[in-house]
There are 2 protein chains.
Amino acid sequence: MKTNKWVIKNGSFAVSNADKPVIHGCMVIEDDMITYIGEEMPEIESGVSVVDGTHLFFMPGLVNTHGHAAMSLLRGYGDDLALQIWLEEKMWPMEAKFTSSDVYWGTSLSVLEMLKGGTTTFLDMYDHMDQVAKVVEESGMRASLMRGVIGLCPEDVQRHKLNEAIAFARDWKGQADGRITTMISPHAPYTCPPDFIEKFVQAAHDMDLPMHTHMSETKAEVEQNVRDYGVRPVAHLEKLGMFSRPSLVAHAVHLTDEEIEILAANHVAVSHNPGSNLKLASGVARVTDLLKAGVTVSLGTDGAASNNNLDMFEEMRLAALIHKGVSGDPTAIPAAEALKMGTVYGAQSLFLRNVGTLAPGMKADFIALNTDQAHFLPHTDLISHAIYSACSKDVEHVWINGKQIVKHGACLTLDEERIRREAQAAFDGLLSR
Amino acid sequence: MKTNKWVIKNGSFAVSNADKPVIHGCMVIEDDMITYIGEEMPEIESGVSVVDGTHLFFMPGLVNTHGHAAMSLLRGYGDDLALQIWLEEKMWPMEAKFTSSDVYWGTSLSVLEMLKGGTTTFLDMYDHMDQVAKVVEESGMRASLMRGVIGLCPEDVQRHKLNEAIAFARDWKGQADGRITTMISPHAPYTCPPDFIEKFVQAAHDMDLPMHTHMSETKAEVEQNVRDYGVRPVAHLEKLGMFSRPSLVAHAVHLTDEEIEILAANHVAVSHNPGSNLKLASGVARVTDLLKAGVTVSLGTDGAASNNNLDMFEEMRLAALIHKGVSGDPTAIPAAEALKMGTVYGAQSLFLRNVGTLAPGMKADFIALNTDQAHFLPHTDLISHAIYSACSKDVEHVWINGKQIVKHGACLTLDEERIRREAQAAFDGLLSR
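Residues numbered from 1 in each chain as written. Chains lettered and ligands numbered in written order. Predicted model: local features only at pLDDT ≥ 70, side-chain atom pairs only at ≥ 80, totals over all residues. Heavy atoms only, no water.

Novice: Teacher, can you tell me more about the UniProt feature "binding site: substrate" (unreviewed entry) in chain A here?
Specialist: Residues and elements named next belong to chain A. In the UniProt entry, the feature "binding site: substrate" (unreviewed entry) is given for Glu95, Arg147, Arg159, His187, Glu217 and Asp302. Spanning 208 residues, the annotated positions stay apart in the fold, the maximum distance between their C-alpha atoms being 26.8 Å. Mapped onto the secondary structure, arginine 147 falls in strand 8 (residues 142-149). Other than its neighbours up to four places away in sequence, arginine 147 contacts Tyr126, Asp127, Met129, Lys161, Glu164, Ala165, Phe168 and Ser185. Looking at arginine 147, its side chain comes within polar contact range of the side chain of aspartate 127, at 3.4 Å. When you line up the elements, aspartate 302 lands in the loop between strand 14 (297-299) and helix 11 (312-327). Not counting residues up to four positions away in its chain, the partners in contact with aspartate 302 are His66, Gly67, His68, Glu217, His251, Asn273, Ser276 and Leu310. (UniProt positions renumbered as here; feature names shortened; annotations may be inferred. Helix = DSSP H or I, 4+ residues; strand = E, 2+ residues; numbered from the N terminus. Contact = heavy atoms within 4.5 Å. Polar contact = N/O pair within 3.5 Å; in protein donor to acceptor, adjacent residues only side chain to side chain.)

Novice: Sorry if this is basic, but what is going on with the sheet that holds strand 14 of chain A here?
Specialist: Adjacent strands of a sheet pair through backbone hydrogen bonds, lying either parallel or antiparallel. Residue and element names in this part refer to chain A. Strand order across the open sheet formed by four strands is 11-12-13-14, with parallel pairing between neighbours. Only two strands of the sheet have a single neighbouring strand rather than two, namely strand 11 (211-215) and strand 14. Adjacent strand axes in the sheet meet at a mean angle of 30° when their direction is disregarded. Pairing analysis gives three bridges linking strand 13 (residues 269-272) to strand 14, with the strands arranged parallel. (Pairing = 2+ DSSP bridges. Axes fitted to C-alpha atoms, helices over the stretch in contact; angles between N-to-C directions.)

Novice: Looking at this structure, how should I read the environment of phenylalanine 122 of chain B?
Specialist: Residues and elements named next belong to chain B. Mapped onto the elements, phenylalanine 122 comes out in strand 7 (residues 119-126). Note on phenylalanine 122: relative accessible area 1%, which makes it buried. A C-alpha to C-alpha distance of 15 Å links phenylalanine 122 and valine 270, two positions 148 residues apart in sequence. Residues within four places of phenylalanine 122 in sequence aside, it is in contact with Asn64, Ala69, Val111, Met114, Val132, Val136, Met141, Arg142, Ala143, Ser144 and Leu145. (Buried < 20%, exposed > 50% of the residue type's maximum accessible area, 1.4 Å probe, protein only.)

Novice: Would you take a moment to explain the environment of alanine 426 of chain A for this structure?
Specialist: All names here are of chain A. Note on placement: alanine 426 falls in helix 15 (residues 416-432). According to the relative accessible area criterion, alanine 426 is buried, its value standing at 8%. Setting aside chain neighbours within four positions, we find alanine 426 in contact with Leu73 and Asp102.

Novice: Help me understand the pattern of salt bridges, please; the structure alone is not making it clear to me.
Specialist: Pairing between side chains of opposite charge can happen when their charged atoms approach one another. Residue and element names in this part refer to chain B. Tallying each qualifying case throughout the model produces 46 salt bridges over all chains. Among the salt bridges present, the one from arginine 418 reaches glutamate 422, with a minimum N-O distance of 3.4 Å. With arginine 418 and glutamate 422 both in helix 15 (residues 416-432), this residue pair falls four residues apart, about one helical turn. On the basis of relative accessibility, which here comes to 22%, the residue glutamate 422 falls in the partly exposed class. (Salt bridge = Lys/Arg side-chain N within 4 Å of Asp/Glu carboxyl O.)

Novice: Could you clarify how one ought to interpret the environment of lysine 292 of chain B in this entry?
Specialist: Looking at the element boundaries, lysine 292 of chain B is found in helix 10 (residues 287-292). The spatial distance from the C-alpha of lysine 292 of chain B to the C-alpha of proline 194 of chain B is 31 Å, given a sequence separation of 98 residues.

Novice: Would you mind showing me how to read the interface of chain B and chain A here?
Specialist: Accessible area lost upon the coming together of the parts serves often as the stated size of an interface. Counting residues at the interface gives 56 residues for chain B and 56 residues for chain A. Taken together, the connections running from chain B to chain A amount to eight salt bridges. At the junction of chain B with chain A, the criterion picks out 38 residue pairs in polar contact (both at pLDDT 80 or more). Broken down by secondary-structure element, the contributors of at least two residues to the side of chain B that touches chain A are helix 2 (100-116), helix 9 (274-279), helix 11 (312-327), helix 14 (382-389) and helix 15 of chain B. The greatest single-element share of the side of chain B that touches chain A, amounting to eight residues, is contributed by helix 11 of chain B.

Novice: Looking at this structure, I do not really get the relation of the copies chain B and chain A. What am I missing?
Specialist: Mapping between the two copies of the chain is achieved by a rotation about an axis and a shift along the axis. Each copy of the sequence occupies a distinct position, and chain B is placed on chain A by a rotation of 180° and an axial shift of 0.0 Å, giving an RMSD of 0.0 Å. The operation mapping one copy onto its partner corresponds to a two-fold rotation axis. Take the interface residues of chain B: 100% of them recur as interface residues in chain A, which is what a same-surface contact looks like. (Least-squares fit on C-alpha atoms with pLDDT ≥ 70 in both.)

Novice: In this structure, what is going on with the packing of aromatic side chains? I would like to understand it.
Specialist: The tally for this structure, following the rule as stated, stands at 22 aromatic pairs over all chains. With a centroid separation of 4.8 Å and 85° between ring planes, the pair formed by tyrosine 104 of chain A and tryptophan 105 of chain A is classed as edge-to-face. For the residue pair tyrosine 104 of chain A and tryptophan 105 of chain A, the accessibility class agrees, reading buried in each case. Measuring from ring centre to ring centre gives 4.7 Å for phenylalanine 366 of chain A and tryptophan 399 of chain A, while their planes differ by 20°; the resulting arrangement is stacked. Within this pair, whereas phenylalanine 366 of chain A is found in strand 15 (residues 366-370), its partner tryptophan 399 of chain A is found in strand 16 (residues 395-400), the two being separated by 33 residues in sequence. Tryptophan 399 of chain A matches phenylalanine 366 of chain A in its accessibility class, with the two residues each being buried. Cation over ring: lysine 134 of chain B sits above tyrosine 104 of chain B, and NZ or CZ is 4.8 Å from the ring centre. (Phe/Tyr/Trp six-rings, centres within 6.5 Å; stacked < 30°, edge-to-face > 60°. Lys NZ or Arg CZ within 6 Å of the ring centre and 35° of its normal.)

In structure tokens:
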């Protein structure tokens, strides 16, 4: 098969070089991979197509490390409510009605929003995961997928759900040209009995897969864990063996110094969800302390029902802003660190070794921002602009696995108009059932 | 003169009705004024032009109540630095070099960004204000303008600056078809000696103008006020007579209960600047307490050097999010309240009686968001979507004083390409001088 080789010239590129984080030059892509990036134009064979990158800022694609894509169907359905009312009166009754078709269209809506906003990889933990995988396959996106299992049910139902999670993880691992990876995911320590979590740990060992769970999102659930099991969630999960697997925990808002040490010692990654944590009033995670301790901290949007968008530029900006404001330290989480949280730390959190930076040998997952706009001027510091000034709609083009997925803001792989129509119809159907 | 009358039909409109905050219907505009808004189509004379509002959400134009527009020239020039280093090594040396031409192009850049992002009115406190007024005149925007005076200088210089502030306020009040109003503005209690502030108060009385100042942005400046004058800033300004004038204070991050009471009793409005306060690590203002006490709290971006954009959608969202997260109360600042802070409370903060809401008799300052996008679906609650999901680039059209200023995202009154080029050149010039 002939190699598909092409070149971007005259672009600005965010690279992994602390001394010179932005270079002006060119990048060569061959098939699904970046093979060159640098200031000098390499010698190019005739016939290789050259794309002009003038007025474009190329960045690694954004990696959203925690979410429930189908929940976009409930965007704006319940806001500004106390957590229990929101869950019990709004979310759970509606989610109980979700069919696989609802999951398909809700996920399609989210994938469309994420792609157009520069997210190239996302984690999804939900039900009807075959539908989610189907959307990933069709859309050209990269994803780490898992059936999230709530274990507050009879043993035979537990067994059925666990088998479903295992079958999904096995069947879809490496699918869609390798764009799909899978994980094993008990929903949370407060929704899964300890012996049930141990079965997930065993399955993850058997299948050599990483694990993901919600952890210490609210103060109340931490207190409940202490009441029920005598220890806080970190010690609890460590004791159940979870951290013997490569693990990613979502939220981790309420942590003691000792818990941060345990996470660091076990190389557990954290998905920080600032938008969702603020909106649900869960609190402000100790991100600067986690980073100082050497924990990999990435960013997630969580579901659109508690955010209410899937805009990773907003999450990067929130991460850069709130920890300054709350700590009183204006040097906390500088722009370059926020960008890493949204890209390379995200890839590391999903245990993907070949995405998250622009460098030779990495998968060609990257995005281009239009810098020829008022809020990108003057061209002082493009990384600062990407974090503190940009929004998701500044994304002009998106490539994943070397293939262009978004061109001048339009998605090439999905039928946008149909998805908008079907997602609205799915919500209307949920309301009327 | 013939009345210019036109109608929008089939639109969704944000109205001031707590029971039904969004209506689907139509709005009639005659010259610079809204003359009808409602669900029923009124009888319309033949020849009146009708605009289709399908897929558009019409909101009052956003009101940015604190900023320094020309500082957009320093966007990204210094980030993630301690406040004093940022000011003394980055901002002040560059600002000292600003010419009136720099102010003209920096302000043009900001006005372009604000207009395209749905801001129809802004407050500006800076130097070379004739240039700012000129940009306002040309752009079609509405603004409350004032020469902000720092009084740490010899008495003759103080006198000269005060006279400049007075002359500007007198000459430009009511100009540009009434779109320009003016205020009197000593920069801050820590940059103006008490007797100098009293002269501003006297001038405001003489000219019957409202007043604006920075107040209690940082803990350090509050402590300095106590050291220098024996009282905290609120009591200090009250004692100097400022609150005998209609007043707006910017920031007000560090307040005691007693200070909140004084502000409420004196009907002093507060411009809350969440983005800037977080980025400079000034702290989190007591916004829910201020609102509870009956204080009018509006939103400002502050200058782009400390934000780093002029996106009022971001400020509304930050206001709705951070006070939930920090207080632990998910019902704090609901979406509808955040929208009011960005619109009608903003108008009230600038003492403008006829902008800030969509209602008959109000000036026709309004914007239209494109709701036919993934992140606006499903159409559950358009006000929630505008606050929690939208971004400034969802603004499709902008009208000010009945005149269309932005059409399909493009500014009709300003030369965008030239402004981008000149703003970059102005920054390059500052660097090289």
